Amino acid sequence: MDLDFAQLRTFAAVLDEGTFDGAAAVLRVTPSAVSQRIKSLEQHVGRVLLRRTRPVTATSAGEVVMRLARQVARLEQDASEELGFGADAGSYATIPLVVNADSMSTWLLRALARMPVRYRALFELHREDEFHSTNLLRDGTAMAAVTSVPEPVQGCTSEKLGAMRYHAMASVDFAERWFSGGMTPAALREAPMLAFDRKDDMQDRFVRTRTRRKTNPPRTYVPGALEFVDAARLGLGWAMLPDAMVTDTTDLVSLAPDDPIDVPLYWQRWRLDSPVLDALTDTVRRTALEVLH
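Residues numbered from 1 in each chain as written. Predicted model: local features only at pLDDT ≥ 70, side-chain atom pairs only at ≥ 80, totals over all residues. Heavy atoms only, no water.

> So, the side chain of Ser103: which residues are in play, and what are the values?
The residue Ser103 is located in helix H5 (residues 101-113) in this model. Judged by relative accessible area, Ser103 falls into the buried class, the value being 0%. Only 2.8 Å separates the side chain of Ser103 from the side chain of Asn100, close enough to count as a polar contact. In contact with Ser103, other than residues within four places in its own chain, are Leu108, Val146, Met164 and Leu265. (Helix = DSSP H or I, 4+ residues; strand = E, 2+ residues; numbered from the N terminus. Buried < 20%, exposed > 50% of the residue type's maximum accessible area, 1.4 Å probe, protein only. Polar contact = N/O pair within 3.5 Å; in protein donor to acceptor, adjacent residues only side chain to side chain. Contact = heavy atoms within 4.5 Å.)

The following block contains the structure:
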């Protein structure tokens with residue numbers, strides 16, 4: 001397509017900042033220059049790439065161009081460093097990643113901390129449900145993802161890391177009140193349930209395996225990994241808790257110790273010959289082997 005690099009940088013800046021004025025400030029050009037570059041890029045591609053909303057968003061065609069812009073920027077920075085440019089004290093490589101909350105709270109930060117210092121890596125973490133995280137790879141927001149989707153996004157590679165094991169757990173008092181006769185279908189219909197957010201169907205999947213039917217028990221939403229465990233300890237509801245996070249089972253009881261759910265996790269990353277992404281993949285792989293099943 002013979003796209004102009006300056007136009008690609010401008011396109012990415014507009015989406016990063018959310019406005020043409022914000023992109024102009026970052027790029028140190030006038031808003032009219034930003035508008036002209038975007039207009040020229042859209043004319044060259046022959047598609048509308050941006051929705052002029054607040055904040056600006058990408059169209060389907062724009063997501064393809066955004067992914068290309070990110071990849072070109074990554075390759076430019078890698079090449080610049082290999083050639084000896086951009087290696088000053090203020091030069092860093094920022095890697096946007098998407099990860100589920102439980103992995104972020106249990107093992108991923110440990111992997112990021114193991115990145116060799118010579119790469120001067122910084123990270124922009126996007127939290128997303130493990131079954132929905134590939135959307136951010138697809139639209140170019142993230143370079144890599146911890147996901148439960150095995151099929152690689154176009155332009156990405158995928159490898160299995162292992163599985164996070166979840167157990168149905170509740171406080172001792174909660175279990176005695178609601179499950180004194182066991183996790184029967186009737187009890188599961190009535191007992192209050194915890195959910196991380198409205199995308200979280202982990203508990204619902206467990207209920208379906210026990211009852212063979214879809215139910216809609218009362219639920220409380222707690223969108224924080226550590227707070228989610230605390231909510232179970234405090235008796236706000238029962239929940240599927242990752243064993244990597246619940247190392248202290250004080251005040252908690254397993255409701256079905258022989259019936260866990262294993263959620264497979266995969267590492268998807270752009271298919272680029274990038275030293276930074278290669279090093280990150282290695283640290284993620286090694287750390288996952290220590291934690292995941």
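Next comes the rest of the write-up.
> Could you give me a rundown of the packing of helix H1 (residues 5-17) against helix H2 (residues 20-27), with the residues and numbers involved?
Viewed as axis vectors pointing N to C, H1 and H2 meet at an angle of 120 degrees, and their least axial separation amounts to 8 Å. The orientation of H1 with respect to H2, classified from their angle, is oblique. Taken as a pair, H1 and H2 cross one another with a handedness that is right-handed. Residues Thr10, Ala13, Val14 and Glu17 of H1 touch H2, and the partners they reach there are Phe20, Gly22, Ala23, Val26 and Leu27. In the contact of H1 with H2, the residues fall into 6 nonpolar, 2 polar and 1 charged. (Axes fitted to C-alpha atoms, helices over the stretch in contact; angles between N-to-C directions. Parallel < 35°, antiparallel > 145°, perpendicular 65-115°, else oblique. Left-handed = near helix turned anticlockwise from the far one by under 90°. Nonpolar A, V, L, I, M, F, W, Y, C, P; charged D, E, K, R; others polar.)

> Please give an account of a negative patch on the surface that cites residues and values.
Side chains of Asp173, Glu176, Asp248 and Asp251 sit close together on the surface and give a patch of like negative charge. Counting through the fold element by element, Glu176 comes out in helix H7 (residues 172-178). (Patch = residues over 30% accessible without salt bridge, like charges linked within 9 Å, V, L, I, M, F, W, Y side chains within 5 Å. Areas by Shrake-Rupley, 256 points an atom, 1.4 Å probe, with all protein chains shown as cover. Salt bridge = Lys/Arg side-chain N within 4 Å of Asp/Glu carboxyl O. Lys, Arg positive; Asp, Glu negative; His and termini not counted. Charge placed at Lys NZ, Arg CZ, Asp CG, Glu CD.)

> Give a detailed account of the nonpolar core, specifying residues and quantitative values.
One broad trend across soluble globular proteins is that nonpolar side chains are buried collectively. Residues Trp107, Phe179 and Trp238 are the most contacted members of the largest nonpolar core, which totals 53 residues. Judged by nonpolar contacts, the second largest core, of 22 residues, contains Ala13, Phe20, Leu41 and Met66. (Core = buried A, V, L, I, M, F, W, Y, C linked by side-chain atoms within 4.5 Å.)

> Explain the pattern of salt bridges to me, using residue names and the numbers behind them.
A full pass over the atoms with the stated rule returns 14 salt bridges. A salt bridge links Asp16 to Arg70, with the shortest nitrogen-to-oxygen separation between them at 2.6 Å. Of the two residues, Asp16 sits in helix H1 while Arg70 sits in helix H4 (residues 60-82), which places them 54 residues apart along the sequence. By relative accessible area, which is 42% here, Asp16 ends up partly exposed. We classify Arg70 as buried; its relative accessible area is 17%.

> Any details on the pairing of strand S6 (residues 156-171)? Residues and values, ideally.
Here S6 runs beside strand S11 (residues 261-270); their pairing, made up of 10 bridges, is antiparallel. Paired with Tyr166 across the bridge in S11 is Ile261. Both S6 and strand S9 (residues 239-242) contribute to a ladder of 4 bridges, which runs antiparallel. Opposite Ala168, over in S9, you have Met240 as the bridge partner. For S6 and strand S10 (residues 252-254), the ladder comprises 3 bridges, and the chain directions are antiparallel. Counterpart to Ser171 in the pairing with S10 is Leu252. (Pairing = 2+ DSSP bridges.)

Remember, this is a structural readout, not a statement about activity or role.
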